[in-house]
Amino acid sequence: MRIGFIGIGNMGSELARHLLAAGHTLTTYARGKRSRERASSLGLNLVLTPVEVAAASEVVFTMVTAGSDVESVALGPEGLMHAASPGLIHVDLSTISPAISRRVAEQLRARDIAMLDAPVSGGVAAAKTASLTLFVGGEVAIFERVRPLLELMGKAIFHMGPSGTGQVTKLANQICQLANLQGTAEALLFARAQGADAGKVREAVMSGYGASRMLDVRGKKMVERDFAAGIVAALHHKDIGVALDIAHEAGLALPVTAQVKQQLNALMGSGFGEQDTSSLLLVLEQMAGRK
């Protein structure tokens with residue numbers, strides 16, 4: 001297929017690589033120098049505007065940072081919505097507000113362009129091995145048309161319902177994930193402070209009801225004091241902020257999530273934003289005056 005891919009970052013470049021390996025032709029638009037260099041190294045067709053990507057493609061994937069970026073790429077003066085050919089499918093892999101996803105989908109639909117919101121979970125490691133989890137919102141028929149492409153990126157692919165439900169699911173995932181990650185940091189700090197071997201504590205807890213994916217993967221990074229980014233903390237900070245904004249508007253109390261957001265605020269303020277989110281342990285150590 002003729003595919004567009006906008007967002008050739010750490011994860012996007014890996015997903016573009018899988019699509020290329022499957023024999024598809026890729027066209028991209030990239031604002032930053034680093035993204036343009038990645039596009040060139042992959043052999044992608046690099047154009048000057050998103051609408052040129054749309055004109056060259058049957059399906060356009062986007063993987064950008066914020067809702068405003070998705071709106072700019074899709075609805076801006078040179079956005080996807082201005083593509084001349086009807087029937088285009090836009091698949092947004094970003095994590096953004098469900099309200100923005102629904103609004104963008106509605107405006108694209110008016111131009112006969114279908115949209116799926118399909119945020120992913122698993123980080124760069126899963127992107128490299130095409131083992132991401134994808135949460136997809138949008139029309140079932142459109143989902144089935146692009147499923148073969150999604151299967152080149154992920155192992156677990158869930159259709160969640162109408163537009164926006166993919167984003168809702170991803171934000172719910174982030175709420176669960178970050179609560180577990182904060183709990184992992186607190187448990188390992190507690191164990192170490194009380195003279196126990198944190199590595200042995202992690203191994204023992206993994207055999208019981210205290211086990212979690214965060215204790216397994218990020219807990220290992222904490223024990224080994226490896227804070228190199230597998231998942232950049234700044235992105236988790238952004239995601240949890242989106243979730244809490246929505247909860248506030250809906251009148252929902254999410255006390256644990258709100259406390260985790262405060263810890264992530266402290267993490268960002270301490271300069272750990274480009275490190276792994278397992279750096280939440282470093283925040284606790286600073287609070288306790290420990291290293």
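Keep in mind that this is a model prediction, so the values were computed, not measured.

Rules and cut-offs
- Residues numbered from 1 in each chain as written.
- Predicted model: local features only at pLDDT ≥ 70, side-chain atom pairs only at ≥ 80, totals over all residues.
- Heavy atoms only, no water.
- Helix = DSSP H or I, 4+ residues; strand = E, 2+ residues; numbered from the N terminus.
- Rg over C-alpha atoms; globule rule 2.2 N^0.38 Å.
- Buried < 20%, exposed > 50% of the residue type's maximum accessible area, 1.4 Å probe, protein only.
- Contact = heavy atoms within 4.5 Å.
- Lys, Arg positive; Asp, Glu negative; His and termini not counted.
- Charge placed at Lys NZ, Arg CZ, Asp CG, Glu CD.
- Core = buried A, V, L, I, M, F, W, Y, C linked by side-chain atoms within 4.5 Å.
- Pairing = 2+ DSSP bridges.
- Right-handed = clockwise from strand over helix to strand, strands pointing away.
- Salt bridge = Lys/Arg side-chain N within 4 Å of Asp/Glu carboxyl O.
- 1 Å grid on protein atoms, 1.4 Å probe; cavity = no way out; pocket = protein on both sides within 12 Å on 5 of 7 lines; lining within 4 Å.
- Points joined across faces, edges and corners; volume = space filled by probe spheres on them.
- Nonpolar A, V, L, I, M, F, W, Y, C, P; charged D, E, K, R; others polar.
- Axes fitted to C-alpha atoms, helices over the stretch in contact; angles between N-to-C directions.
- Parallel < 35°, antiparallel > 145°, perpendicular 65-115°, else oblique.
- Left-handed = near helix turned anticlockwise from the far one by under 90°.
- Expected span 1.5 Å × (residues − 1).
- Arc of directions from axis to C-beta.

Visitor: So what's going on with the overall build of the chain? Residues and values would help.
Guide: Within the chain, the secondary structure is distributed over 13 helices and nine strands. For 291 residues, the compact-globule estimate of 2.2 N^0.38 gives 19 Å, and the chain sits close to it at 20 Å. Considered along the principal axes of its C-alpha atoms, the chain spans approximately 65 × 45 × 35 Å. When each of the 291 residues of the chain is scored for burial, the buried share is 51%. Restricting the contact set of the chain to residue pairs at least 6 apart, pairs at least 24 apart contribute 67%. Within the chain, the 26 negative side-chain charges are centred at a point lying 5 Å from the centre of the 28 positive side-chain charges.

Visitor: I'd like a description of the nonpolar core, backed by residues and values.
Guide: Phe5, Phe61, Val91, Leu93 and Leu150 are the most contacted members of the largest nonpolar core, which has 33 residues in total. When residues of this core are assigned to their parent elements, the largest contribution, five residues, is made by helix 7 (residues 140–150). Discounting chain neighbours no more than four positions away, the residues touching leucine 93 are Phe5, Leu15, Phe61, Thr62, Met63, Ala118, Pro119, Val120, Leu134 and Met153. Listed in part, the 22 residues of the second largest apolar core include Leu75, Ile96, Ile100 and Met115.

Visitor: Account for the pairing of strand 8 (residues 132–137), with residues named and values stated.
Guide: Along strand 8, five of the six residues are buried, which leaves the element largely enclosed by surrounding structure. Note: strand 7 (residues 120–121) against strand 8, two bridges, orientation antiparallel. The partner of serine 121 across the bridge, within strand 8, is threonine 133. For strand 8 and strand 9 (residues 154–161), the ladder comprises six bridges, and the chain directions are parallel. Residue pairing for strand 9: leucine 132 is matched across the bridge by glycine 154. Taken together, strand 8, helix 7 and strand 9 constitute a β-α-β crossover, and its handedness is right-handed.

Visitor: Report on the pattern of salt bridges, specifying residues and quantitative values.
Guide: Taken as a whole, this structure holds 13 salt bridges when the rule is applied. The residue lysine 220 makes a salt bridge to glutamate 224 at a minimum N-O spacing of 2.8 Å. With lysine 220 and glutamate 224 both in helix 10 (residues 213–224), this residue pair falls four residues apart, about one helical turn. Residue class for lysine 220 comes out partly exposed when judged on its relative accessible area of 39%. For glutamate 224, a relative accessible area of 48% translates into the label partly exposed.

Visitor: Run through the layout of surface pockets, naming residues and quoting values.
Guide: A volume near 1,200 Å³ is recorded for the largest pocket. Residue assignment for the lining of the largest pocket shows that the elements contributing at least two residues are helix 1 (10–21), helix 4 (67–75), strand 7, helix 6 (123–128), helix 8 (165–193) and helix 11 (233–250). Top element by residues in the lining of the largest pocket is helix 11. It accounts for five residues. The residue makeup of the lining of the largest pocket, split by class, is 19 nonpolar, 21 polar and seven charged. Counted as a void, the second largest pocket has a volume near 450 Å³. Along the walls of the second largest pocket sit 21 residues, with Gly122, Gly123, Arg213, Arg218 and Ile231 positioned nearest its centre.

Visitor: A description of the packing of helix 8 against helix 11 should follow, citing residues and the corresponding values.
Guide: Direction vectors running N to C along helix 8 and helix 11 enclose 115 degrees, while the axes themselves pass 10 Å from each other. Put simply, helix 8 runs roughly perpendicular to helix 11. The hand of the helix 8/helix 11 crossing is left-handed. Of helix 11, the residues touching helix 8 (which contributes Lys170, Leu171, Gln174, Ile175, Gln177 and Leu178) are His236, Asp239, Ile240, Val242, Ala243 and Ile246. By residue class, the composition of the contact of helix 8 with helix 11 is seven nonpolar, three polar and two charged.

Visitor: Explain helix 10 to me, and be specific about the residues and the numbers.
Guide: Between its terminal C-alpha atoms helix 10 stretches 16 Å, which fits the 16 Å expected from 12 residues at 1.5 Å a residue. Within helix 10, the full set of buried residues consists of Met214, Leu215, Arg218, Gly219, Lys221 and Met222. Along helix 10, the residues classed as buried sweep out an arc of 155 degrees about the axis, all on the same side. Lining the buried residues of helix 10 we find helix 8, helix 9 (198–205) and helix 13 (280–288).

Visitor: Give a detailed account of the environment of serine 85, specifying residues and quantitative values.
Guide: With respect to the helices and strands, serine 85 occurs in the loop between helix 4 and strand 5 (89–92). Once the C-alpha coordinates of serine 85 and asparagine 173 are considered, the two residues, 88 residues apart in sequence, prove to be 36 Å apart.

Visitor: Before we move on, can you summarise the pairing of strand 4 (residues 59–62) with the specific residues and values?
Guide: The side-chain alternation of strand 4 yields two buried faces, one formed by Val59 and Phe61 and the other by Val60 and Thr62. Across four bridges, strand 1 (residues 2–6) lies against strand 4 in parallel orientation. The residue bridging glycine 4 from the neighbouring strand is valine 60, located in strand 4. As paired elements, strand 4 and strand 5 share four bridges and run parallel to each other. Looking at the pairing, valine 59 lines up with isoleucine 89 of strand 5.

By themselves, these observations are geometric and do not establish any function.
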